[in-house]
Amino acid sequence: MSEDVRLVAWVRGRVQGVGFRWFTRAKALEIGGLSGFALNLADGRVQVVAEGPREGCEGLLAWLQGDDTPGRVDGVTEIWDTPRGGYDGFAMR
């Protein structure tokens, strides 16, 4: 049985105004089994919170760190935690 986890990631770079949240949501839905959100922060970063199977969260993190994202990612800081629940699907905020 797969362990459920919570991933919180802060993505730095040119990640606002380029469809980053939309593509992050689309990737989370493509992976499947993930709930959470992508949110633009006032300092120009995007915060991504994803809960679900560890493999799915790791896949989303690998995509965030990869070269296939819109805009330009300069770095990703992440923390792992236990799921808190309360999300209905994966949203853009």
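Attention in this report is confined to the structure presented alongside it.

Cut-offs used in this document
- Residues numbered from 1 in each chain as written.
- Predicted model: local features only at pLDDT ≥ 70, side-chain atom pairs only at ≥ 80, totals over all residues.
- Heavy atoms only, no water.
- Pairing = 2+ DSSP bridges.
- Helix = DSSP H or I, 4+ residues; strand = E, 2+ residues; numbered from the N terminus.
- Expected span 1.5 Å × (residues − 1).
- Buried < 20%, exposed > 50% of the residue type's maximum accessible area, 1.4 Å probe, protein only.
- Arc of directions from axis to C-beta.
- Contact = heavy atoms within 4.5 Å.

1. Details of the pairing of strand S2 (residues 35-40)
Right, on to step 1. Here 6 bridges tie S2 to strand S3 (residues 46-53), and the two strands are oriented antiparallel to one another. When the sheet's bridge partners are listed, Leu 39 is paired in S3 with Gln 47.
Right, on to step 2. Pairing between S2 and strand S5 (residues 90-92): 3 bridges, direction parallel. Note that in S5 the partner of Ala 38 across the bridge is Met 92.

2. As for helix H1 (residues 20-31)
Right, on to step 1. Given a rise of 1.5 Å per residue, 12 residues ought to cover 16 Å, and the 16 Å separating the end C-alpha atoms of H1 matches this to within 8%.
Right, on to step 2. Those residues of H1 lying buried are Phe 20, Thr 24 and Ala 28. The buried side chains of H1 occupy one side of the element, clustering within an arc of 70° when seen end-on.
Right, on to step 3. Turning to H1, the residues buried within the fold contact strand S1 (4-14), S2, S3, helix H2 (54-65), strand S4 (72-81) and S5.
Right, on to step 4. Gly 32 occupies a position one or two residues after H1 and carries a positive phi of about 85°.

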